[in-house]
Amino acid sequence: MENISFNAGSVPVSVAAKAFGKDRSWVRAGIISGWLPIGYATRDGERITKLDDTRGYHKGRINYYISPRKLYEETGYLYRKDCADGD
């Protein structure tokens, strides 16, 4: 791979969705189910790996970490925090 400098932190779900040409729910489902290997989902520090675990707002918010490097490897999209849309 070229000598590329990647932003620290996570790529917003909305940015990843645009890079894939899909909607945000597609990205979230892919990350949780494991067929989209660009990051992971957590709730209260626990990893979420099944869509059934996403049911119920009373359980708390799900956070998504999307790796800028992995998104680049999958799509060729280079995320730059200073010039991308937030989620």
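Keep in mind that this is a model prediction, so the values were computed, not measured.

## Comments concerning the environment of Tyr72
Consideration 1: Note that Tyr72 resides in helix H3 (residues 68-75).
Consideration 2: Sequence-wise, Tyr72 and Ala16 are 56 residues apart; in three dimensions their C-alpha atoms are separated by 9.8 Å.

## Considerations on unusual backbone geometry
Glycine aside, a negative phi is what most residues show, and trans is what most peptide bonds show.
Consideration 1: Within the chain, Asp44 stands out as a residue other than glycine whose phi angle is a positive 55°.
Consideration 2: Looking at the secondary structure, you find Asp44 in the loop between strand E1 (39-43) and strand E2 (46-48).
Consideration 3: Asp44 sits in the exposed class, given a relative accessible area of 66%.

## Thoughts on helix H1 (residues 13-20)
Consideration 1: Of all the positions in H1, only Val13, Ser14, Val15, Ala16 and Ala17 are classed as buried.
Consideration 2: Considering only its buried residues, H1 is in contact with helix H2 (24-33), strand E3 (63-66) and H3.
Consideration 3: Backbone geometry just downstream of H1 places Gly21 in the positive-phi region, at approximately 70°.

## Brief notes about the nonpolar core
Consideration 1: In this structure, Val27, Ile31, Ile38, Tyr64 and Ile66 are the most contacted members of the largest nonpolar core, which totals 17 residues.
Consideration 2: Those elements that place two or more of their residues in this core are H1, H2 and E3.
Consideration 3: Among the elements that take part in this core, H1 stands out by supplying four residues, more than any other.
Consideration 4: Apart from residues lying up to four places away in sequence, Ile38 is in contact with Ala16, Phe20, Val27, Ile31, Tyr65, Ile66, Ser67, Lys70, Leu71 and Glu74.

About the cut-offs
Residues numbered from 1 in each chain as written. Predicted model: local features only at pLDDT ≥ 70, side-chain atom pairs only at ≥ 80, totals over all residues. Heavy atoms only, no water. Helix = DSSP H or I, 4+ residues; strand = E, 2+ residues; numbered from the N terminus. Buried < 20%, exposed > 50% of the residue type's maximum accessible area, 1.4 Å probe, protein only. Contact = heavy atoms within 4.5 Å. Core = buried A, V, L, I, M, F, W, Y, C linked by side-chain atoms within 4.5 Å.

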